[in-house]
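# Structural description and commentary
Chain by chain, the residues:
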Amino acid sequence: MYPYGYGYYFDPTYILIIIGVIITMIASSKMNSTFRRYSRVRCHCGLTGSQAAERILNQAGIYDVSVERVSGNLTDHYDPKNKVLRLSDATYGSDSIAAIGVAAHECGHAVQHQQGYAPLKIRGAMVPAVNLGSNLSWLFILGGVILGMNQTLLNIGILLFSLAVIFQLVTLPVEFNASSRALRILGSTGIMYEDEVGQTRKVLSAAALTYVAGAASALLSLLRLIILFGGRDND
């Protein structure tokens, strides 16, 4: 029988997935529109995203992190393993408020790495387990369903999926802290005027919403799995 007697064709728990998708779409739309708005506003310093990143890293005493261009839209990220700060096409060569703000945010991650910021270390340590868990969770859940709702397999699948949810939650303080560092750096170094820092805060706040939305969506998916398969009797 289908879990909890929902029938073969109707599953009301899909509403949780739909809510997650809607939240994610709203956050993504907000991020894209805010970035586009401030990508048209030139920063007074005249630095490009890559130049601003180099200056911030040097002022932080970080000389072993290289700055590279990466293709794609908003694909900016810091690679702690190889000590590379990768900036997307829209950030690398642009002198806009948005570009410099995003570059500074990624520099914030490099500073976190240099200072041994605990949540960043925890997130990095979780990556192998999360990647493995994400790949195996659905196999265990599917196996549990095929084998007559085997609770042991279902529980293992839910537990593995929960690792991805925990990873999303650990990511939140890492991203918020990187943005806070970026705003302080941009203001204290004179790269941006006070009003420009305020505009950058809007860009980084919109970006933070995408991480919050991702965590919320993951939690809703986990809740759905628990409702469907968690703690069921095997009779």
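One can find the structure itself at the top, above this paragraph.
Here we summarise the structure given alongside this text. Residue numbering note: each chain is counted from 1, following its sequence as written. Local features are withheld for residues below a pLDDT of 70 in this predicted model, meaning they are given only at 70 or higher, and side-chain atom pairs are given and counted only at 80 or more; totals for whole chains, interfaces and linings count all residues. The side-chain quantities take in all heavy atoms of the structure and omit both hydrogens and water.

### Digging into unusual backbone geometry
For residues that are not glycine, phi is negative in most cases, and the peptide bond is trans in most cases. Selection rule: Numbering of helices and strands starts at the N terminus; helices are DSSP runs of H or I of at least 4 residues and strands are runs of E of at least 2. Exposed residues in this analysis have more than 50% of their type's maximum accessible area, buried residues have under 20%, and partly exposed residues fall in between, with area computed by a 1.4 Å probe over protein chains only.
Non-glycine residue Leu74 carries a positive phi angle of around 55°. Even without glycine at this site, Lys83 takes up a positive phi of about 55°. You can see Lys83 is positioned in the loop between β2 (77-79) and β3 (84-88). Lys83 gets classed as partly exposed once you look at its relative accessible area, which sits at 31%.

### Some points on the nonpolar core
What counts, and what does not: The set of buried Ala, Val, Leu, Ile, Met, Phe, Trp, Tyr and Cys residues whose side-chain atoms join them within 4.5 Å is what this entry labels a nonpolar core.
In terms of nonpolar packing, the biggest core is built from 35 residues, with Ile56, Leu57, Leu85, Ile100, Leu186, Ile191 and Met192 touching the most fellow members. Looking at this core, the elements that each hand over two or more residues are α1 (14-38), α2 (49-59), β3, α4 (97-115), α6 (151-188) and α7 (194-229). One finds Leu154, Val165, Leu228 and Phe229 within the second-largest nonpolar core, a separate group that totals eleven residues.

### Regarding a positive patch on the surface
Under the convention used in this document: Two distance rules govern patches: like charges are joined within 9 Å, and nonpolar side chains (Val, Leu, Ile, Met, Phe, Trp, Tyr) within 5 Å, applied only to residues with over 30% relative accessible area and no salt bridge. In this description, accessible areas are obtained by the Shrake-Rupley approach with a 1.4 Å probe, and a residue is regarded as covered only by the protein chains that are shown. Salt bridge, as used here, is a side-chain nitrogen of Lys or Arg placed within 4 Å of a carboxyl oxygen of Asp or Glu. None of His or the chain ends enter the tally, which takes Lys and Arg as positive and Asp and Glu as negative. Taken as the charge centre is NZ of Lys, CZ of Arg, CG of Asp or CD of Glu, depending on the residue.
Taken together, the side chains of Lys30, Arg36, Arg37, Arg40 and Lys202 present a region of like positive charge at the surface. For the positive patch, the element with the most residues is α1, which contributes three residues. Relative to the helices and strands, Lys30 is located in helix α1. Judged by its relative accessible area of 43%, Lys30 is partly exposed.

### Focus on the packing of aromatic side chains
The description of two aromatic rings rests on the distance between their centres and on the angle between their planes. For the record, the criterion: Between 30 and 60 degrees the pair is tilted, below 30 it is stacked and above 60 it is edge-to-face, where a pair is any two Phe, Tyr or Trp rings, Trp via its six-membered ring, whose centres lie within 6.5 Å. Any Lys NZ or Arg CZ found within 6 Å of a ring centre and within 35 degrees of that ring's normal is scored as a charge over the ring.
Going through the model one piece at a time under the given rule, you end up with one aromatic pair. Ring centres 5.7 Å apart and planes at 70° place the aromatic pair Trp138 and Phe161 in the edge-to-face group. On the criterion of sequence distance, the pair formed by Trp138 in helix α5 (residues 118-146) and Phe161 in helix α6 is long-range, its members being 23 residues apart. Of note, Arg224 hangs over the ring of Tyr14, and the distance from its end group to the ring centre comes to 4.4 Å.

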